[in-house]
Amino acid sequence: MMRPLTLALAFACVATAATAQQPDDTAYTRQIRAFTSEPRFNTDLTDHLPADSRVPTPLAVLGYVPGTVGRLSHVADINRYFRALAAASDRIRIFTLGNSDEGREMLVAAIADPAILANLDAFRDVTRRLADPRGLSDSDARALVARGKPIYWLTGSLHSPETGSPEMLMELAYRLVVDDGPMYRSIREHEIVLITPVLEVDGRDRQVDVYNYGRSHSGVRPPLVYWGRYTAHDNNRDAIVLSQVLTRNVLAAFFEWHPTVMHDLHESVPFLYTSTGTGPYNRAIDAITINEWNALATQEVTELTKRGLPGVWTHGFYDGWAPNFLFFVANGRNAIGRFYETYTSFGAECDTARIGPSQRSVEWFRPNPPLDGVRWCIRNNINYQQSAALVALDYVARNGPRFLENFWLKSRRAVERGRTAAPYAWLIPAAQARRIEAAELVNLLRLQGVEVHRADRAFAIGTRQVSEGDYVVRMDQPYGPLADNLLGIQTYRPTDPAPYDDTGWTLGSVRNVVTLPVTDSSVFSQPLTLLTDDVRVRGTVTGADAGRAAFLIPATTESNFTVFRFRLRQIRMFAAEDTFSLDGRGFPVGTVIVPLTGAGRDTERLVLAALDSLGLTAVAARQVPAVARHELDVPRIGLVHSWTTTQDEGWVRYAFDRLAIPYTYLSTQQLRDSSRLASVDVLVFPQAGF
């Protein structure tokens, strides 16, 4: 279908998608147009596919065109297509991000000119050096910018029921590799495009199986209770805790590539929302990044609206406050994190779009709203997000030096912010009551890429007393704003708009760990040594070296005591019901007493080994204290599941697995079975509504 001349002239700021010399794949193009419900839901960027006899299309490898009604691709098939593409072209290379909980491969494809791909290490070195401006002169930084390439990372299907992006990304990869139009040549010459077609690979396969089951059973589909091993929607709420394999793989890839833009593809509201946010914006995000969000979104909304696509808009969906989303991997590290929400096709269907009044109203941020009652298909979804992605890729390629310079400037501004405004550091005392949790907090910060130092000796900074071995997180580092954001107290004002997600996450309070802001800049001149490995707290035992009658473990609420109890379930232990003193030392209520007199021959050895490995503190006593006590049993836990959601249950189960606590699943139906109830001592209800 020919585009009107007047409309074609309006596209001058984005280069033509194809050249006259390059023929289209007519069979593929015919199916694109057949599966698009109306021509107005397509653009000149996606209404055809160029042909290349040497490079296979998705149709040639999979047997169907992405956007075919009723067809979704499993992870193995998606990965197979990307590898077939790489085998046929030197414009694409494949890398492995790692494997999922269930062993499925997460991959990333890098697309650029062959000369760029042959020197990827050099280009990654440029972004790595720009990410940390310390020791980098302005002239050196600008020389790096001049020879570097912006890296744009597209990621799909973090949320498993959002099915269009993996299909779209296969076709987009083909276009980027094959099309020889000026826009595509510019992208390949001036930018490195990374594509991860599926993030939640375990959930993707489950979603495809459930969808296929429904199509073969008259639309009866079981709910997709799990995506990954522990989570459903909350796999996009893990950027603070980094509990999931998926999140850690993405973070490791970020540190390897330092992408300029990380772009997450989602589905929900009609027809395409491109993220900017309404505010309040997270304090850790540089104002330059917020302006970049708006620059990219304005480009996409303008270009797609000029092409006649209804319902492309920005601003009014998300606020920009909470740092728990996966794309905060970029936003918290001086890069650009962004996302789309494209109207879903409920698997791979065509159906009538039911758009409510609040979603189709004309607003300043949505002057061209989506349409109610139109026929909407998965191919429409693919056309929208692929066209928008191409506009964004083209814009970043044409403005590459500006985006790279901004990346460097934001990193430099982060360091300067830490040196010129309090707090200048955060102090985490090492010898506090929950010293294991303190160490785990330090290790989490290090996993986040935050630098943590230890005090070489005791010193005072202002009113703060620092002991030898205490942890100090200096703010004069590229990720200083991120560290301050995670450790500080958040203030979400009553006058702010209703929040999209969490409003507070102060990690010291969450972990019941003492963290102290340092407001004296003399901390920068104190004797500190940078940690190069994770901290491991070893257990300590004081008191009697021989003739031990008991171990006494003061109650500190350390999580590892739970592990200690379940690991040594065969050993009798007691909890003191009152305070007491022994050999001149006081012990609190809840002190755990492990008698050795009359215990098994290996009891002392097993207890010592567990105390050491778990970092617990104990006192060896020559007598068992005479204090009221009760025995600590090892409860048999029943985890009750309604099998309707894993929002809460998954995190409870994750905690149990992490702490090595055994449990038995019980459904709500099984609560009526007295024999099943007799097999457990404690019931845990992680979900509301029972």
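Thresholds, definitions, all that
- Within every chain, residues take consecutive numbers counted from 1 along the sequence as written.
- Only residues with pLDDT of at least 70 get local features here, since the model is predicted, and only at 80 or more are side-chain atom pairs given and counted; chain-wide, interface and lining totals rely on the full set of residues.
- Side-chain calculation: all heavy atoms of the structure are included, whereas hydrogens and water are not.
- Working definition: helices are DSSP H or I runs of at least four residues, strands are E runs of at least two. Numbering for both runs from the N terminus.
- Given a helix with a known number of residues, its expected span is that number minus one, times 1.5 Å.
- Classification of residues uses two cut-offs on accessible area relative to the type maximum, computed with a 1.4 Å probe and protein chains only: under 20% is buried, over 50% is exposed, and between them is partly exposed.
- Arc definition: it is the arc formed by the directions from the helix axis to the C-beta atoms.
- By definition, residues are in contact when any of their heavy atoms lie within 4.5 Å.
- Think of a nonpolar core as a cluster: buried Ala, Val, Leu, Ile, Met, Phe, Trp, Tyr and Cys residues, connected wherever their side-chain atoms sit within 4.5 Å.
- Think of a polar contact as two N or O atoms within 3.5 Å of one another; within protein, one of them needs to be a possible hydrogen donor and the other a possible acceptor, and neighboring residues in sequence only count if both atoms come from side chains.
- Patch definition: residues with relative accessible area over 30% and no salt bridge; like charges joined within 9 Å; nonpolar side chains (Val, Leu, Ile, Met, Phe, Trp, Tyr) joined within 5 Å.
- With residues, only the protein chains shown are counted as cover, and all accessible areas are computed by Shrake-Rupley using a 1.4 Å probe.
- A side-chain nitrogen of Lys or Arg and a carboxyl oxygen of Asp or Glu constitute a salt bridge if their distance falls within 4 Å.
- On a scale of 0 to 100, pLDDT captures the predictor's confidence in every residue.
- In this description, a line fitted to the C-alpha atoms serves as the axis of each element, helices being fitted only across the stretch in contact, and the angle between N-to-C directions of two axes falls anywhere from 0 to 180 degrees.
- Oblique is the label for any angle not under 35 degrees, not over 145, and not in the 65 to 115 range, which are roughly parallel, roughly antiparallel and roughly perpendicular in turn.
- Left-handed describes a crossing whose near helix is turned anticlockwise from the far helix through less than a right angle; right-handed describes the clockwise counterpart.
- For this classification, Asp, Glu, Lys and Arg are treated as charged, while Ala, Val, Leu, Ile, Met, Phe, Trp, Tyr, Cys and Pro are nonpolar and the rest, including Gly, are polar.
- Only Phe, Tyr and Trp rings take part, Trp by its six-membered ring, and two of them pair if their centres are within 6.5 Å. Stacked means planes under 30 degrees apart, edge-to-face means over 60, and tilted covers everything else.

Asker: Honestly, helix α21 (residues 603-614) in this entry has me stumped. Any pointers?
Answerer: The periodicity of an α-helix, 3.6 residues per turn, causes residues three or four places apart in sequence to face the same way. Compared with an ideal rise of 1.5 Å per residue, which puts 12 residues at 16 Å, α21 spans 16 Å between its outermost C-alpha atoms and is within 8% of the ideal. For α21, the set of buried residues is Thr603, Val607, Ala610, Leu611 and Leu614. Each buried residue of α21 lies within a common arc of 100° when the element is viewed along its axis, so the set occupies one face. If you follow the buried residues of α21, they end up packed against α17 (435-447), β18 (540-543), β19 (550-553), α20 (560-567), β23 (592-595) and β24 (617-621). Gly615 occupies a position one or two residues after α21 and carries a positive phi of about 75°.

Asker: Just to check I follow, could you spell out the nonpolar core for this structure?
Answerer: The nonpolar side chains of a soluble globular protein tend to be buried with one another. Ranked by internal contacts, the top residues of the largest apolar core, which has 176 residues, are Leu130, Leu154, Leu176, Ile195 and Phe564. With 12 residues, the single largest contributor to this core is helix α15 (residues 378-398). When neighbours within four sequence positions are excluded, Leu130 is seen to be in contact with Leu136, Ala141, Leu144, Val145, Leu404, Phe407, Trp408 and Ser411. The next biggest cluster of nonpolar side chains, apart from the first, holds 12 residues, and it includes Tyr424, Val466, Val472 and Leu528.

Asker: Would you explain the environment of His258 in this entry?
Answerer: Along the chain, His258 turns up in the loop between α11 (245-257) and β5 (261-268). Overall, the relative accessible area of 7% leaves His258 in the buried class. When the C-alpha atoms of His258 and Asn334 are compared, they prove to be 9.5 Å apart, with 76 residues separating the residues in sequence. The residues touching His258, leaving out its near neighbours within four places in the chain, are Thr127, Arg128, Ala131, Ala253, Phe407 and Tyr479. For His258, the side chain forms a polar contact with the main-chain oxygen of Phe255, separated by 3.1 Å.

Asker: Can you help me understand a nonpolar patch on the surface in this one?
Answerer: Side chains of Leu677, Leu683 and Phe685 sit close together on the surface and give an oily, nonpolar patch of about 220 Å² of accessible area. Along the chain, the position of Leu677 falls in helix α23 (residues 674-677). When its relative accessible area of 31% is taken as the criterion, Leu677 is described as partly exposed.

Asker: Teacher, can you tell me more about the side chain of Ser157 here?
Answerer: Its place among the elements puts Ser157 in the loop between β3 (151-156) and α8 (164-178). You can call Ser157 buried: its relative accessible area is 0%. Each residue touching Ser157, except ones within four places of it in the same chain, is listed here: Glu162, Ser165, Pro166, Pro197, Val198, Leu199, Glu200, Arg204 and Leu265.

Asker: Explain the confidence of the model for the chain here, please?
Answerer: Detailed reading of the predicted coordinates is not advisable wherever pLDDT is low. The share of residues in the chain with pLDDT of 70 or more is 97%, and the mean pLDDT across the chain is 94. Counted against residues more than four places away or in other chains, residues 1-19, with its pLDDT under 50, gives 44 contacts.

Asker: I would appreciate a short explanation of helix α12 (residues 287-306) in the present structure.
Answerer: Taking 1.5 Å per residue, 20 residues should reach 28 Å; α12 reaches 29 Å between its end C-alpha atoms and fits that length. Near the N-terminus of α12, the side chain that reaches the backbone nitrogen of Ile288, with its oxygen 2.7 Å away, is that of Asp286.

Asker: Would you explain the packing of α8 against α15 in this entry?
Answerer: The relative placement of two packed helices is expressed as an angle between their axes plus a distance between the axes. Contact pair α8 / α15: the axes reach a minimum separation of 9 Å and the direction vectors enclose 50°. One finds that α8 runs oblique with respect to α15. For α8 against α15, the interelement crossing comes out right-handed. In this structure, α8 uses Gly164, Ser165, Glu167, Met168, Glu171, Leu172, Arg175 and Leu176 to contact α15, whose residues at the interface are Arg379, Asn381, Ile382, Gln385, Gln386, Ala389, Leu390 and Leu393. Residue composition of the contact of α8 with α15, by class: seven nonpolar, five polar and four charged.

Asker: I tried to follow the side chain of Thr274 on my own but got confused; where do I start?
Answerer: Position of Thr274 relative to the elements: it lies in strand β6 (residues 272-274). By relative accessible area, Thr274 is classed as buried at 0%. Within polar-contact distance, the side chain of Thr274 engages the side chain of Arg338 at 3.1 Å. The residues touching Thr274, leaving out its near neighbours within four places in the chain, are Ala297, Glu300, Val301, Trp313, Thr314, His315, Arg338, Phe339 and Tyr340.

Asker: Explanation requested: the packing of aromatic side chains in the structure shown.
Answerer: What characterises a pair of aromatic rings is the spacing of the ring centres plus the angle enclosed by the ring planes. In the structure shown here, the tally under the stated rule is 39 aromatic pairs. Measuring from ring centre to ring centre gives 5.9 Å for Tyr318 and Phe325, while their planes differ by 80°; the resulting arrangement is edge-to-face. Accessibility expressed as a relative area gives 3% for Tyr318, which makes it buried. The buried category is assigned to Phe325, whose relative accessible area is 5%.

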